[in-house]
Amino acid sequence: MWRELAAIGRETSTGGYRRYAWTAADTDCRSWFRDQAGARGLSHETDRNGNQWAWLGDPAAGDAVVTGSHLDSVPDGGAFDGPLGVVSAFAALDELRSRGAEFTRPLGIVNFGDEEGARFGLACVGSRLTSGQLTREKAYALTDADGITLPGAMEAAGHDPGAIGPDPGRLARIGAFVELHVEQGRALDLSGDRVGIASAIWPHGRWRFDFRGEANHAGTTRLADRRDPMPAYAETVLAARRAAELAGAVATFGKIAVEPNGVNAIPSLVRAWLDSRAADRATLDTVVAEIERAARDRARSDGVDLSVVRESFTPVVEFGHALRDELNRLLGGRVPVLATGAGHDAGILSAAVPTAMLFVRNPTGVSHSPAEFAAEDDCAAGVLALADVLEGLACR
Ligand code: HGY
Ligand code: MN
Ligand code: MN
């Protein structure tokens, strides 16, 4: 199963994955998901927002136990972020069948669409739409770098965007959602555990900084006459690192677009995206405010205009203690419980459905990189833990 999926959307020159929402690679991942469901005799449906659901039993019976994750990636992402949760879900079902488990609740396996937001800039589009945290209007306004809209991309991929929007009926049928995910950090490596349980997700967001200056000749324009946006951007990146260090938070400028992007042309525009996260909302607000202040100060002194737009935001998620503690009990009670700075569909869904997460050890902690790795025996331990959890929740 893993090897079949691993070949899809992999960029040979980097070893990273380019599985962006509603692209050919995404379509191939969706076909893979449908085939896995069919091979196990599960019913398959794609919901109005493009999320895929595979069912054992009739979801209309309600109180379903659902597990799964996402298959899309960040640019040149790793093999495990997302896919490990989906592959483990199918493998855990196989394990439960080998145990002769009798399901007393419907079991769902889900592939949430567009979790990374790599193409349209907003994280967790599929789960946000379904849970009503992203309005149809805002979704229709999302565009990629080529100006293609989200509905346009859906249609080109064969999905009718006409009905995108909240799906409360679907969520009402879910009694519990458990997402297994590779850890994006080293807590389990440091504690020597194969599997962990999530306690919380840090609040985090994405802000777009547009520094607008004046295009001019790099060789003939005196420094005093320039309205160059690049130094203001550079000052902002350094201010972001200082602010984050001071606050024990994180701040990253990982994506930048320069116009006209010529070696011998002073830029007219530097567009840069900030990703910032902190353990609590007040700290995050303080860090972002400090970064914006530094950006405005330097922009002003350089005669550069600045606009800052918040493009994506996820408030702190505290996973419900009942399901969290039930997972720990089902796994023997000695599983480490850890917070994460990474966003997940489980975080989005936790506003509407009892939700929990299992983490699988990542020996280097590296993620959002081709170097992302998890050892096969740790992944197998994750499958068995997920099977134990699903058995305890859905097979009593
Ligand atoms: O950015 C995140 O935290 C997640 O990988 N989407
Ligand atoms: Mn990710
Ligand atoms: Mn992920």
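Here, every reference points to the structure presented above.
Report on the accompanying structure. Residue numbers run consecutively from 1 along every chain, following the written order of its sequence. The order in which chains are written sets their letters, starting at A; the order in which ligands are written sets their numbers, starting at 1. The model is predicted, so local features are restricted to residues of pLDDT at least 70 and side-chain atom pairs to those at 80 or more, both for listing and for counting; the totals for chains, interfaces and linings are taken over all residues. The side-chain numbers reported here are obtained from all heavy atoms of the structure, hydrogens and water having been left aside.

The protein atoms that coordinate the manganese ion (ligand 2) are Asp81 (OD), Glu116 (OE) and His368 (NE2), at distances of 2.0 to 2.2 Å. Coordination here is defined by N, O and S atoms within 2.8 Å of the metal (3.2 Å for Na, K and Ca), and since water is not considered, a site can look incomplete. For the manganese ion (ligand 2), the single-chain donor residues occur in sequence as D-x34-E-x251-H. The distance between the manganese ion (ligand 2) and the manganese ion (ligand 3) is 3.5 Å, with Asp81 acting as a donor to both metals. Of this pair, Asp81 sits in the loop between strand 3 (64–70) and helix 3 (83–98) while Glu116 sits in the loop between strand 4 (107–112) and helix 4 (125–130), and the two are 35 residues apart along the sequence. When a residue's accessible area, from a 1.4 Å probe over protein chains only, is under 20% of the maximum for its type it is buried; when over 50% it is exposed; and in between it is partly exposed. A relative accessible area of 6% means that Asp81 is categorised as buried. For helices the rule is a DSSP run of H or I covering at least 4 residues; for strands it is a run of E covering at least 2, with both sets numbered from the N terminus onward.

Turning our eyes to something else, we now look at the pattern of salt bridges. Criterion for a salt bridge: a side-chain nitrogen of Lys or Arg within 4 Å of a carboxyl oxygen of Asp or Glu. Going through the model one piece at a time under the given rule, you end up with 34 salt bridges. For Asp210, the salt bridge identified is with Arg208, shortest N-O distance 2.9 Å. The same class applies to Asp210 and to Arg208, which are both buried. Notably, a salt bridge pairs Asp285 with Arg281, separated by 2.9 Å at the nearest N-O pair. Of the two residues, Asp285 and Arg281 are both situated in helix 10 (residues 281–301); the distance of 4 residues between them amounts to about one turn of the helix. For Asp285, a relative accessible area of 38% corresponds to the partly exposed category. Residue classification places Arg281 among the partly exposed residues on the basis of a relative accessible area of 39%. Beyond isolated ion pairs, a larger network of salt bridges with shared partners links Glu45, Asp47, Arg48, Asp167 and Arg170.

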